[in-house]
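Spelled out, the chains give:
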Amino acid sequence: MTIIQAINDIDLSHGGPSRSMPTMCLGLKREGVDCQVLTYRSSRPNELKLIEADIPIRYLENGQSRVSRLLAKGFQLPNEIRGADYLVHIQHIWSVSMHNIARDCRKRGIPYIISPRGSLTPWALELNRWKKKFGMWIYQASDLKNANCLHATAISELEDIRRLGFHNPVAVIPNGIVTANYPLKTLKDRKTEKKRTLLFLSRIHPKKGLPLLFEAWSQLPMEITENWQIVIAGEGNDVYSLDNLKEQINTKYREIPVKIVGPQYGSEKLRCYHDADLFILPSHSENFGMVIAEAMCCGVPTITTTGTPWEILRQEKCGWWVEPSVNGIKEALRQSMVLSDEELQNKGKKSRQIILDRFSVETVSKMYHRLYSWLLGQEKMPDFVYE
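Rules used throughout
- Residues numbered from 1 in each chain as written.
- Predicted model: local features only at pLDDT ≥ 70, side-chain atom pairs only at ≥ 80, totals over all residues.
- Heavy atoms only, no water.
- Helix = DSSP H or I, 4+ residues; strand = E, 2+ residues; numbered from the N terminus.
- Rg over C-alpha atoms; globule rule 2.2 N^0.38 Å.
- Buried < 20%, exposed > 50% of the residue type's maximum accessible area, 1.4 Å probe, protein only.
- Contact = heavy atoms within 4.5 Å.
- Areas by Shrake-Rupley, 256 points an atom, 1.4 Å probe, with all protein chains shown as cover.
- Lys, Arg positive; Asp, Glu negative; His and termini not counted.
- Charge placed at Lys NZ, Arg CZ, Asp CG, Glu CD.
- Pairing = 2+ DSSP bridges.
- Axes fitted to C-alpha atoms, helices over the stretch in contact; angles between N-to-C directions.
- Core = buried A, V, L, I, M, F, W, Y, C linked by side-chain atoms within 4.5 Å.
- Phe/Tyr/Trp six-rings, centres within 6.5 Å; stacked < 30°, edge-to-face > 60°.
- Lys NZ or Arg CZ within 6 Å of the ring centre and 35° of its normal.

## Looking at the overall build of the protein
Secondary structure assignment for the protein yields 16 helices and 14 strands. What you see for the protein is a C-alpha radius of gyration of 21 Å, in line with the 21 Å of a compact globule of 387 residues. Reported as C-alpha extents along the three principal axes, the dimensions of the protein are approximately 65 × 40 × 40 Å. The burial tally for the protein puts 55% of its 387 residues in the buried class. In the protein, once contacts between residues fewer than 6 apart in sequence are set aside, the share between residues at least 24 apart is 70%. Of the roughly 17,400 Å² of accessible surface on the protein, 50% is carried by carbon and sulfur atoms. Averaged over its 51 positive side-chain charges, the protein has a centre that lies 3 Å from the centre of its 43 negative ones.

Rendered as structure tokens:
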């Protein structure tokens, strides 16, 4: 069994898939499953642990236009990938390059699975709406319809897939986290550190809902916010940059104590989690939200929205899962920011245990192994596959 993981890129500056897919490959190797990564070259690829584990990465040069990628075969399966032992896992949609891979699979009779990665939510479909309608008509609907299986990270994403009329089998498997990389934070000494921190750590992007946070904060009474600050860690892009964010804050929310620290990786990222008293991801739409799992694993109580699949926060009373609105975020802040350090710590420890029990890379890799084995005719259909 050899699994080809096809993804546009694995750059560190990008979100979930560029981190969750390499983690999945490492977990699958421990399960005895061979993976190969097929991707475009980028400036800061998340490749180190893949190289250390001898997981092959086949880079393609990212120099073609969208039209030439569609008409030519700049991104295609290598010729030697043929036969019954191969399976292709496509990690994106709305990509001409990934369409070429799906087309190659159909021509060669290779089974393939597609992970939409949150791109089929109603909110996501409204972004560049007409372009996506055209893409769905030209190629995307066919690629999805003919996939041997689709992958959702949560039941909510399965519902999005069914709502659009796709009836393929759907495997519901969450992203996995290397729990050893996110140890439990310790309780702060308030004698030396008076200020409390609400952390946002994610891509700087309109869908992440930062304006909701700023507006909600601005409506809270001073007695709640006076001992708190917001720390924003993340990286923007050419369309929505850190400079755009700073301008927005300076123009409309100058009175809010915001500290922007930019992109954080490795030990600096872990320090951000450990320095935080609360974590927030006020997104309009997420198919999973890796940073939520990371924060929870570090023992940081989390606030997020119903645009993410983290209802367990509300069910287990270890965090806040609210509507992606100013009022929803404001109420979560009002409830959480008045809790004592000990109360927050108890919620954080409960959050961590949930990640250890349900979202470890070991647990998730076993699920992928079963899924791939089923698709290759080596095992019966797993109980997390919905027909």
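## Notes on the sheet that holds strand β10 (residues 258-262)
One open sheet accounts for six strands, arranged β10-β9-β8-β11-β12-β13; its pairing is parallel. Two strands lie at the open edges of the sheet, namely β10 and β13 (320-322), each paired on one side alone. In this sheet, adjacent strand axes meet at a mean angle of 20 degrees when their direction is disregarded. Across three bridges, the pairing between strand β11 (residues 278-281) and strand β12 (residues 302-305) is parallel. Residue pairing in the sheet places phenylalanine 279 in a bridge with threonine 302 of β12. Along the sheet face, helix α8 (residues 210-218) touches β8 (196-201), β9 (228-233), β10 and β11 and points at about 170 degrees away from the line of β9. Packed on one face of the sheet, helix α10 (residues 242-252) meets β9 and β10 and runs near 175 degrees to β10.

## Describing the nonpolar core
Core analysis: the largest hydrophobic core is formed by 60 residues, its most contacted members being Leu198, Leu199, Phe214, Tyr273, Phe279, Trp310 and Leu333. Every residue in contact with phenylalanine 214, bar those within four places of it in the chain, is listed here: Ile232, Leu245, Gln248, Ile249, Tyr253, Ile256 and Val258. By size, the runner-up hydrophobic cluster in this structure holds 32 residues, among which are Ile81, Trp94, Met98 and Leu144.

## So, the packing of aromatic side chains
To describe a pair of aromatic rings, one takes the distance between the centres and the angle between the planes. Applying the stated criterion across every chain yields a total of eight aromatic pairs. Seen in terms of ring centroids, phenylalanine 134 and tryptophan 137 are 6.0 Å apart; in terms of plane orientation they differ by 55 degrees. Their pairing is tilted. In this pair, phenylalanine 134 and tryptophan 137 both sit in helix α6 (residues 129-145), three residues apart, roughly one turn of the helix. Through a chain of ring-to-ring contacts, the aromatic side chains of Tyr182, Tyr273 and Phe279 assemble into a single cluster. Directly above the ring of tryptophan 130 sits arginine 129, whose terminal nitrogen or CZ lies 5.2 Å from the centroid. Over the aromatic face of tryptophan 320 sits the side chain of lysine 347, whose NZ or CZ is 5.2 Å from the ring centroid.

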